[in-house]
Amino acid sequence: MADDNSKNKKRKEKESVVLDKVAQSVASIYEAKHVDTVICALHSLAVLLFPVDSLCVSDTVGKQYRDQVINANVHSVEERREWWGVFYKGVAFPTLARVLLNDVASNWLACFPLSASKNVYDVFFVNGDIVEVVQTVVPFIRKTSDGSSDVCSNAGRVLTLCLLDNNGLLQMAREFGASPKLEEIDKLVISRLVQLVTSIPDKAHSVALNALSSHIYYKQTVSQLLSGAEEFDSNMCNKALILDDNGSDGSLLFIGEVLARICRRGSADIVLSEMVSRILAHVRSALSSDSNLTTSEVFELKPGFLFWRNIIKAIRDPFAVEKMSEHLLRHLEAAHISDVEAYWTLWILFKEVLTHKASIRTMFVDKFLLWKVFPICCLRWIIQFAILEFPPGATKSHNSSGLLDIVQHLAAAWCRRELVQSASMEQQAYITAALGLTLEKISKEDLAATKDVMQSILEGVSCRLESPTHLVRKMASSIALVFSIVIDPNNPLYLDDSCQEETIDWEFGLANRREKGTCSTTKLLDDNVSESEATDLLLRKNLLKEADSEKRNISKARKTRLSEFKLVDPDEVIDPAVLNSELGSDEEEDDDDASVESETSSQSSLQPYDLSDDDVDLKQKISQLVDVVGALRKSDDPDGVDRALDVAEKLIRASPDELRYIASDLVRILVQVRCCDSAVDGEEESAEEKRQKALVALISTSPFESLDTVGNLLYSPNLDISQRIMILDVMTYAAQELSDAKITKPKNNANKILISDASDAQPWFVPNNVGPMGAGPWKEISRNGTPLNWSYSYERDLPVRSIQVSRGKTRRWSLRSKSRPSNEMEQSSENKFPQYAAAFMLPAMRGFDKKRQGVDLLGRDFIVLGKLIYMLGVCMKCAAMHPEASALAPALIDMLSSREVCHHAEAYVRRSVVFAASCILVAIHPSFVASSLIEGNTEISKGLEWIREWALHVADSDPDRECYTLSIACLQLHSEMALQTSRALETIRTKSSSTSISSLSPNPFKGEIKIPRGSLEF
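Residues numbered from 1 in each chain as written. Predicted model: local features only at pLDDT ≥ 70, side-chain atom pairs only at ≥ 80, totals over all residues. Heavy atoms only, no water.

1. Brief notes about the overall build of the chain
Where we set the bar: Each helix is a run of H or I in the DSSP string that is no shorter than four residues. Each strand is a run of E no shorter than two, and both are numbered from the N terminus. Categorising residues by exposure relies on relative accessible area from a 1.4 Å probe, with only protein chains included: less than 20% of the type maximum marks a residue as buried, more than 50% marks it as exposed, and the intermediate range marks it as partly exposed. Contact between two residues is taken to exist if any of their heavy atoms lie within 4.5 Å; hydrogens are not considered.
When you go through the chain residue by residue, the secondary structure sums to 51 helices and 4 strands. Put simply, the chain has 1018 residues, and 49% of those count as buried. Restricting to contacts in the chain with at least 6 residues of sequence separation, those with at least 24 account for 76%.

Below is the structure:
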């Protein structure tokens, strides 16, 4: 007791002496009139604490101060150690540090020579207690209201010098590892110190030091700490330390806290980039060793692995562990390592915690299988390490009970319809791959031991086969194939032709899709929708890529599905029998050739021949539409039905007089006829194609009579889903055909048209076609960079000037008379669709939300709803720049804005809604919106504002990637329309007097159009 009192008394005396010396130095600094006085005052204190080179310091001061520097009192090594401990463990250092960092830094430090700055200023921080230095200096790096920039810059320089240049972080880790056992107070100190160290980049944003930027600072911090891994590993082995919940090594705890804090601050990739290279070097060294031990024994006994096996255990933040695990898997995938190397890397880091911590196991078998999305190779590593628990290629039997539990858990999640409706395509593919890869590891006996796996898989397959998306159906086919192989390896079940390979592509082509980008892979409708429809949904690239040829170019699918035809003169007399004879011309030519060969090769007229060809002559020739209807109604005569389908389109396009009277019956029978019953095996698609061509010709030739029946059949309870889809497809093709009708007429240049023809429609955002004769159409200029731009540029080819044409000697001769010039006849495009737009759209929109017998568009029949909305969008596009588009737009917006439609659970419907909304923006001219606002009609402006708000909502929260892409393009169209509308309003303001505008309406600008990134509202 007496000895302790004596030691405390001596310590207090020593502290008093040290404080007196510090006080003298501080007083000299405050009273100094010259920089040499400050240097001498700091030198007199520094030589008592550190081995300072006084001769070097003396060269930096004037002659009158050199004797004072050289003759300064110097302590022995033992005395310096005592003074050093008292100085940094008490209040002396914080007192002096405040003076150094404030007064000296702002008033004198700039005058210090380099040698003096290093020996009498920096020495107090570099050679001091790094823990105390960090706690004292870090607060000065943040600029306060009364602080100068010199103080902050100097504090940043001191921290860079102490922590990075002199490995201060490694020194701290060593100090914390020196104590045999940590107390709770030590853990609190470590936590507080780590918080200060990792917050330096945030506080140093006002300091112009590149070394303290977050990326460079964290990279050097992690590299510095991990460089001492072998040293920490040997210390842990010497102490025979085993980390548990009661005790831990101080250095390991400090490093773990630093890594966790860095991960919390969003720099987990920096941590893992440093860790992976070091761990892989150890793993490859162990795998290539020639030891007689097993691989696991090598990793447990070889020096250098103890630190890595316990580093994750030292991280007490679950979020940081999860982020590190995610980035670890992605870094390993980027390194293209083998499955064996990946397994042992995971084994080194997570084996201990996976066994003892339930949260880590839950992270691997729940979050990483159901909630995250990793590359397929990472998914294989997770299953191999966390579920099977043995390295690849080993003969050890896996954990059967644990594997079956995971399979049952995955199957239960996979069969839920909500997963198909709300999860992104990548998420669905990932969970499907997880289920398929785990199913491949079980046997038929294991499957029989489970409860609900079989039922869950059957429900999931059935749910996905109903999806309109090919990729979702492919997932169902893959799982069905794996499941059938488990049941009976000799009898695999192939539901899809693409799943007949020996190995299943569990990425489902999404890897190539991510490489190509989002806009090049916008497959928004199912396989039954043609390529032109999917192309139409690329709002800018393919919806209206070339405005001049928008109404003239028929899409690729129509070229393959609709036959080429020419409009005939209605006054021309046509024999329907000729049309039928033309259809069978090829067959008759073959018969004639056969007859010629028979006559030339036969030696006797009595030679027997095949009488089966005589049945062709006995068949009734179909030359009237009445005969077509009669043949189609005879379902027991498949040959008659096939022959009727062969001639139906040509007879309809001939436009006979009876067409208008028989159109209703012909539409009904064409819709209800079963092509699969009459067609030969393998030719069902050909018969279906003929049926659709006939219906398209019928609707486009006799629209009103046909559409009346089509509207009634669309919601008829006697039709199935395929027939309703066929009706909507036919209406889509017919609308496109009517909007692109070709007519040939003689030119009449005498009477010039003074008013522009509304049928020559072009999008409002494309420049006018006014220009010199021979100018080409406007084309959008493609740009490199982001696929979605907020502004567009257009270009076109101009004719060569006459002065630039060099005449040659070539002459061209023609028999054409001068009285009939070559350009006498012209072929033009006339949009005939707008007059029928209401007949197309209004009956289809009526009653879509009513649930009838066999009809439930908002529920079970969501595919029909998506097709219906798509058809309405195409109709709006075909009626673009016409008054009918402006009249029908509010009704369509009202349908789209209903909650059951715009917030439908199926992404297929939401994609169609975005497409239809974009078509509305393309179809309505901004001048119409401006005139509506001036007249006080706010209906259209409110509808357009809903489109903007809903597109923003989809872009922010919709999990479907295609919906997001289309919504961004829709917002772009809306912003362009708002800009053009505002310009139209400004034009009206400048050209019209205030009195004339006010006479139109008491509140001419009652509506509101919001312009993104703008401050104008109209």
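2. Quick notes on the pattern of salt bridges
Cut-off, in case you're wondering: One side-chain nitrogen of Lys or Arg within 4 Å of one carboxyl oxygen of Asp or Glu is enough to make a salt bridge.
Summed over the entire model, instances satisfying the criterion amount to 26 salt bridges. Residue Asp122 pairs with Arg157 through a salt bridge whose shortest N-O separation is 3.0 Å. Highlighted residues: Asp122 in the loop between α7 (114-121) and α8 (123-126) and Arg157 in helix α10 (residues 149-165), separated in sequence by 35 residues. A salt bridge links Asp646 to Lys690, with the shortest nitrogen-to-oxygen separation between them at 2.3 Å. Taken together, the positions of Asp646 in helix α37 (residues 638-653) and Lys690 in helix α40 (residues 684-701) put the pair 44 residues apart, joining distant regions of the chain. The partly exposed category is assigned to Lys690, whose relative accessible area is 26%. Shared partners join several salt bridges into a network, and the residues in it are Glu322, Glu326, Lys367 and Lys372.

3. Considerations on helix α22 (residues 358-371)
We apply this condition: Bend at a given residue is defined as the angle between two axes, one fitted to the seven residues that end at that position and one fitted to the seven that begin there.
Along α22, the helix axis deviates most sharply at Phe364, where the bend reaches about 25 degrees. Taken together, the buried positions of α22 are occupied by Ile360, Met363, Phe364, Val365, Phe368, Leu369 and Leu370.

4. Details of the nonpolar core
Where a protein is soluble and globular, its nonpolar side chains tend to be buried together. Selection criterion: We call a set of buried residues a nonpolar core when its members are Ala, Val, Leu, Ile, Met, Phe, Trp, Tyr or Cys and they connect through side-chain atoms within 4.5 Å of each other.
Phe87, Phe112, Phe124, Phe125, Met172, Phe350 and Phe364 are the most contacted members of the largest nonpolar core, which has 187 residues in total. Core analysis: the second largest hydrophobic core is formed by 109 residues, Ala644, Ala879, Leu944 and Met977 among them.

5. As for the environment of Asn718
Inspection of the secondary structure assignment puts Asn718 in the loop between α41 (703-714) and α42 (721-738). Along the sequence, Asn718 and Gly854 sit 136 residues apart, while their C-alpha atoms lie 7.7 Å from each other.

6. Considering unusual backbone geometry
One non-glycine residue, His336, lies in positive phi territory at about 55 degrees. The topology assignment puts His336 in the loop between α20 (318-334) and α21 (339-356). Using a relative accessible area of 71% as the deciding quantity, one classes His336 as exposed. Of note, the phi angle at Met881 is positive, near 65 degrees, even though the residue is not glycine. Structurally, the position occupied by Met881 is in the loop between α44 (862-878) and α45 (883-896).

7. Things to note about empty space enclosed by the protein
Quick reminder of the rule: Here a cavity denotes grid points, spaced 1 Å and computed from the protein atoms alone, that fit a 1.4 Å probe unable to get out, and a pocket denotes an open set having protein on both sides within 12 Å along at least 5 of 7 lines; residues with an atom within 4 Å of a point are the lining. Grid points are joined across faces, edges and corners, and a volume is the space filled by probe spheres set on the points. Residue polarity is assigned by list, with Asp, Glu, Lys and Arg as charged and Ala, Val, Leu, Ile, Met, Phe, Trp, Tyr, Cys and Pro as nonpolar; anything else, Gly included, falls into the polar class.
The full count for this structure, using the stated rule, is 3 cavities of 30 Å³ or more. The volume enclosed by the largest cavity comes to roughly 180 Å³. The wall of the largest cavity is formed by 19 residues, among which Val420, Ser467, Thr469, Glu906 and Ala907 lie closest to the centre. Put simply, the parts of the chain that give the lining of the largest cavity at least two residues each are α25 (417-422), α26 (425-439) and α47 (907-923). With 4 residues, α47 is the single largest residue contributor to the lining of the largest cavity. Within the lining of the largest cavity, the residues separate by chemical class into 9 nonpolar, 4 polar and 6 charged.

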